[in-house]
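Structure assessment
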Amino acid sequence: MATLRDIKRRIKSVKNTQQITKAMEMVAAAKLRRAQGRAVAARPYARAMEEMLGNLAATLTAMQHPLTEARPVTKRALLVFASNRGLAGSYNAQLIRFTEQILRGPDGPSIRLVLIGKKLNDYFRRRSYPVLAMYGDLPDQAQLEVAQRMTREAIDWFRSGEVDAVDLVYSQFVSAMTRHTVRKPFLPIGAGAAPVAKAGVVRDYIFEPDAKELVDRLLPRYVTTRMLQAFAESYASEHSARMLAMGAARKNAGELIDGLVLKRNRLRQATITKELSEIVGGAEALK
């Protein structure tokens, strides 16, 4: 049976844990506000780029640009975005389960993993799945330079024939309480859900200096925008998951402290009652 000293020591330990989780919750909330702003701000630009490519669909088809080249898929790169750190609830576990479902599906034999985040690296390093690349030392916020570097590498894999298609798997941010794990085609452009023009709007573009040069600049910028959007959505989802997990941990610590305080008070009362009984018994024996 725990002594009064043991219970006091446990209460102090849980209170320290509660302070740590509260601080982590506040830090995650501050990071979430910034990450959410980046994710939401990037969406209109990405949609505008998709609408423009939708209007250029006929031009892209006629030009047969290398980034739009669809070929039989024998090797597919799957870029999976997760976090570098834990203490984010089920955030990383959901991405791992989603990825393993894909690997067990019909596309599984053709998939080569590109792991973004230390938690994914630690998990899949001990498995036998084919891994094309691992990235673990990335910043905890979406940065254009990182998205550009990752996009260039994905384009090099695709254009060299090392892979025939590239997909993105990440957690899409909906709100501080909600997120969805999604898989979206990345390369070739137009795979899966192709970019479409805005309903009721048809534009006849005049290209200056020429269509090829503009498209050569536009398409890499479009895929970079989609990569940056994936980073922004992933980081916002991670911070929201960590904020919720730390909030739940703080609440559970509070409930545990309440239970320990009640147990301490009962034990103290029982000790006092026992001592009073012994005093009364001794006094009665002396009569």
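This text follows the structure it describes.
Computed from a predicted model, the values in this text were never measured in an experiment.

Okay, the packing of aromatic side chains next. As enumerated under the stated definition, the model contains five aromatic pairs in all. Geometrically, the ring pair formed by phenylalanine 81 and tyrosine 170 is edge-to-face, given 6.3 Å between the ring centres and 85 degrees between the ring planes. Taken together, the positions of phenylalanine 81 in strand β1 (residues 76–81) and tyrosine 170 in strand β4 (residues 165–173) put the pair 89 residues apart, joining distant regions of the chain. Tyrosine 170 shares its class with phenylalanine 81; the two are buried. A ring pair is formed by phenylalanine 231 and tyrosine 235, whose centres lie 6.0 Å apart and whose planes are at 25 degrees; its orientation type is stacked. Taken together, the positions of phenylalanine 231 and tyrosine 235, both in helix α6 (residues 211–286) and four residues apart, correspond to about one turn of that helix. What makes phenylalanine 231 buried here is its relative accessible area of 3%. Residue tyrosine 235 is classed as buried on the basis of its relative accessible area, which comes to 7%.

Moving on, we get to empty space enclosed by the protein. On inspection of all chains with the given rule, the structure shows one cavity of 30 Å³ or more. By volume, the largest cavity amounts to about 60 Å³. Lining the largest cavity are Phe81, Ala82, Asn84, Ile116, Gly117, Leu138, Pro139, Phe231, Ser234 and Tyr235. Counting residues per element, the lining of the largest cavity draws most heavily on α6, at three residues. Residues belonging to the lining of the largest cavity are distributed by class as follows: seven nonpolar, three polar and no charged.

What follows deals with the environment of isoleucine 7. Among the secondary structure elements, isoleucine 7 is positioned in helix α1 (residues 4–55). Leave out the neighbours within four places in its chain, and isoleucine 7 touches Ala2, Leu260, Lys263, Arg264 and Leu267.

The mixed open sheet is built from five strands, whose spatial order is β3-β2-β1-β4-β5. The outermost strands of the open sheet, each flanked by one partner alone, are β3 (131–135) and β5 (179–187). Neighbouring strand axes in the sheet, compared pairwise and without regard to direction, differ in orientation by 20 degrees on average. Across six bridges, the pairing between β1 and strand β2 (residues 111–116) is parallel. By the bridge assignment for β2, leucine 79 is matched with valine 114. Sheet contacts for helix α3 (residues 91–103): β1, β2, β4 and β5; angle to β5, the most-contacted strand, approximately 45 degrees. Helix α5 (residues 144–159) contacts β1, β2, β3, β4 and β5 of the sheet and is inclined by roughly 170 degrees relative to β3.

Here is what the cut-offs are and how they apply
- Residues numbered from 1 in each chain as written.
- Predicted model: local features only at pLDDT ≥ 70, side-chain atom pairs only at ≥ 80, totals over all residues.
- Heavy atoms only, no water.
- Phe/Tyr/Trp six-rings, centres within 6.5 Å; stacked < 30°, edge-to-face > 60°.
- Helix = DSSP H or I, 4+ residues; strand = E, 2+ residues; numbered from the N terminus.
- Buried < 20%, exposed > 50% of the residue type's maximum accessible area, 1.4 Å probe, protein only.
- 1 Å grid on protein atoms, 1.4 Å probe; cavity = no way out; pocket = protein on both sides within 12 Å on 5 of 7 lines; lining within 4 Å.
- Points joined across faces, edges and corners; volume = space filled by probe spheres on them.
- Nonpolar A, V, L, I, M, F, W, Y, C, P; charged D, E, K, R; others polar.
- Contact = heavy atoms within 4.5 Å.
- Pairing = 2+ DSSP bridges.
- Axes fitted to C-alpha atoms, helices over the stretch in contact; angles between N-to-C directions.

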